[in-house]
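# What the coordinates show
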Amino acid sequence: MKKGAFITIEGCEGVGKSTQTAMLKNYFESINRDALFLREPGGTDISEKIRSVILDTSNVGMSGICEALLYSAARAQLIEEVIAPALAAGRIIVCDRFTDSTFAYQGCARNLGEDVITRLNDIACCGISPDITIFLDLEPEAAFKRKGGADTGDRLECAGIEFHRRVYEGYLKCAKAYPSRFRRVDASSDAEVIHREIIELLKAAGVV
Ligand code: TMP
């Protein structure tokens, strides 16, 4: 059994990431396995402050590149303060969103392009990348229908269905670009079914 691992959970808004992350946390506790659960943007005091600036609905004038730099700044702090030391100590990390979110949201949906995002991610991550990315695959139309509409919540959630469609296309590109770490999970199923599938894929990867 492998000791440490860096696992990320990705997907569009409303696909059940928070539910699955909470179920996974309970699972690790139930088998007495140490795992550090983080979310992006966030996970440190500084990164949480940056998060509130990014998601503030009153920041209507924020440019795409400003947004991408803020996500990268929050990530750089999280990497240095938490992720790098935890990986060095051999811990399992489960992070709700990471670099693929920046690629899908800022690279594709905000149209900043792959090159800019790759450069930002490289600067922020200092060579750290996920071992496994669980992609909760559900098209935004279906996800918004399930949660009762698209135009609620934070600044990004309010961006409209065309924006979220481009986010989804961005994730499909990531899945194609990184087939060895991407694990696609059908997020239209019941939460319990999805959870079991996630546990099975983590077992298959030797993480649990
Ligand atoms: P959350 O709703 O999953 O907590 O994520 C916060 C929002 O930030 C969500 O709309 C996705 C967005 N996001 C980006 O646009 N780029 C990023 O790099 C990350 C990590 C999140």
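Structure report, in brief. Note that the structure is a prediction, hence the values are computed from the model and not measured. (Residues numbered from 1 in each chain as written. Predicted model: local features only at pLDDT ≥ 70, side-chain atom pairs only at ≥ 80, totals over all residues. Heavy atoms only, no water.)

## Points about helix H1 (residues 17-30)
Worth spelling out the cut-off: Only DSSP runs of H or I with at least four residues qualify as helices, and only runs of E with at least two residues qualify as strands; both kinds are numbered from the N terminus onward. Helix span, expected: 1.5 Å multiplied by one less than the number of residues in the helix. Any residue under 20% of the maximum accessible area for its type is buried, any over 50% is exposed, and the rest in between are partly exposed; the area is computed with a 1.4 Å probe on protein chains only. Of all possible arcs, the one meant is that of the directions from the helix axis to the C-beta atoms. Here, two residues are considered to be in contact whenever any of their heavy atoms come within 4.5 Å of each other.
With 14 residues, H1 should cover 20 Å at 1.5 Å per step; its first-to-last C-alpha distance of 20 Å lies within 8% of that length. For H1, the set of buried residues is Lys 17, Gln 20, Thr 21, Met 23, Leu 24, Tyr 27 and Phe 28. Projection of H1 onto a plane perpendicular to its axis shows the buried side chains occupying an angular sector of 165°, all on one side. Exposed positions of H1 whose direction lies more than 90 degrees from the buried face are Ser 18, Glu 29 and Ser 30. On the buried face of H1, the contacting elements are strand S1 (5-10), strand S2 (35-39), strand S3 (92-96), strand S4 (132-137) and helix H8 (191-204). Two residues or fewer after H1 comes Asn 32, characterised by a positive phi angle close to 60°.

## Here we look at the site of the ligand
Note the threshold: We call a residue near a given molecule or strand whenever any one of its heavy atoms falls within 4 Å of it. All accessibility values rest on the Shrake-Rupley procedure with a 1.4 Å probe; residue burial counts only the protein chains present in the view. Amino acids outside the nonpolar list (Ala, Val, Leu, Ile, Met, Phe, Trp, Tyr, Cys, Pro) and the charged list (Asp, Glu, Lys, Arg) are all regarded as polar, and Gly is one of them.
Lining the immediate surroundings of the ligand are 14 residues, of which Glu 13, Tyr 71, Arg 97, Thr 102 and Gln 106 lie closest. Considered on its own, the ligand offers 480 Å² of accessible surface; in the complex 93% of this is hidden by protein. Sorting the residues of the shell around the ligand by element identifies helix H2 (45-55), helix H3 (64-88) and helix H4 (99-109) as the ones contributing at least two each. For the shell around the ligand, the class distribution of residues is 5 nonpolar, 3 polar and 6 charged.

## Points about the sheet that holds S1
Threshold: Any two strands with at least two DSSP-identified bridges between them are counted as paired. For every element, the axis is a line fit to its C-alpha atoms; helices are fit only across the contacting stretch, and the angle between N-to-C directions ranges from 0 to 180 degrees.
If you trace the 5 strands from one edge of the open sheet to the other, you get S2-S3-S1-S4-S5, paired in parallel fashion. Edge strands, defined here as strands with exactly one partner in the open sheet, are S2 and strand S5 (182-186). Here the average twist between neighbouring strands, direction ignored, is 20°. One ladder, built from 5 bridges, connects S2 with S3; its direction is parallel.

## Here's the deal with the pattern of salt bridges
Applicable threshold: Salt bridge, as applied in this entry: a Lys or Arg side-chain nitrogen positioned within 4 Å of an Asp or Glu carboxyl oxygen.
Enumeration over the complete set of coordinates arrives at 13 salt bridges. For the salt bridge of Lys 17 with Asp 96, the shortest nitrogen-to-oxygen distance reads 2.6 Å. Linking Lys 17 in helix H1 with Asp 96 in strand S3, this pair joins segments that are 79 residues apart in sequence. For the pair Lys 17 and Asp 96, a shared accessibility class is recorded, and that class is buried. A cluster of three or more residues bridged by salt bridges with shared partners is formed by Glu 139, Glu 141, Arg 165 and Glu 169.

## Remarks on the pairing of S3
When you tally the buried positions in S3, you get 5 out of 5 residues, the bulk of the element. With burial as the criterion, each face of S3 is covered, one bearing Ile 92, Val 94 and Asp 96 and the other bearing Ile 93 and Cys 95. Summarising the sheet, S1 and S3 pair through 5 bridges and their orientation is parallel. Directly across from Ala 5, in S3, lies its bridge partner Ile 92.

## Considerations on the packing of aromatic side chains
Defined as follows: Between rings of Phe, Tyr and Trp, where Trp is taken as its six-membered ring, a pair exists when centres lie within 6.5 Å; planes separated by under 30 degrees are stacked, by over 60 edge-to-face, and by other angles tilted. Whether a charge sits over a ring comes down to the Lys NZ or Arg CZ being within 6 Å of the ring centre and within 35 degrees of the ring normal.
Summed over all chains, the structure comprises 6 aromatic pairs. Consider the rings of Phe 6 and Phe 98, whose centres lie 4.9 Å apart with planes at 80°: the pair is edge-to-face. Here Phe 6 is found in strand S1, whereas its partner Phe 98 is found in the loop between S3 and H4, with 92 residues between them in sequence. With a relative accessible area of 1%, Phe 6 lands in the buried category. Ring geometry for Tyr 27 and Phe 28: centres 6.2 Å apart, planes at 80°, overall edge-to-face. Summarising the burial analysis for this pair, Tyr 27 and Phe 28 share the class buried. Every member of this aromatic cluster is reached through a ring pair, and the members are Tyr 27, Phe 28 and Phe 37. Positioned above the aromatic ring of Phe 98 is the side chain of Arg 75, whose terminal nitrogen or guanidinium carbon lies 5.1 Å from the ring centre. One residue, Arg 181, lies across the ring of Tyr 178, its end atom 4.3 Å from the ring centre.

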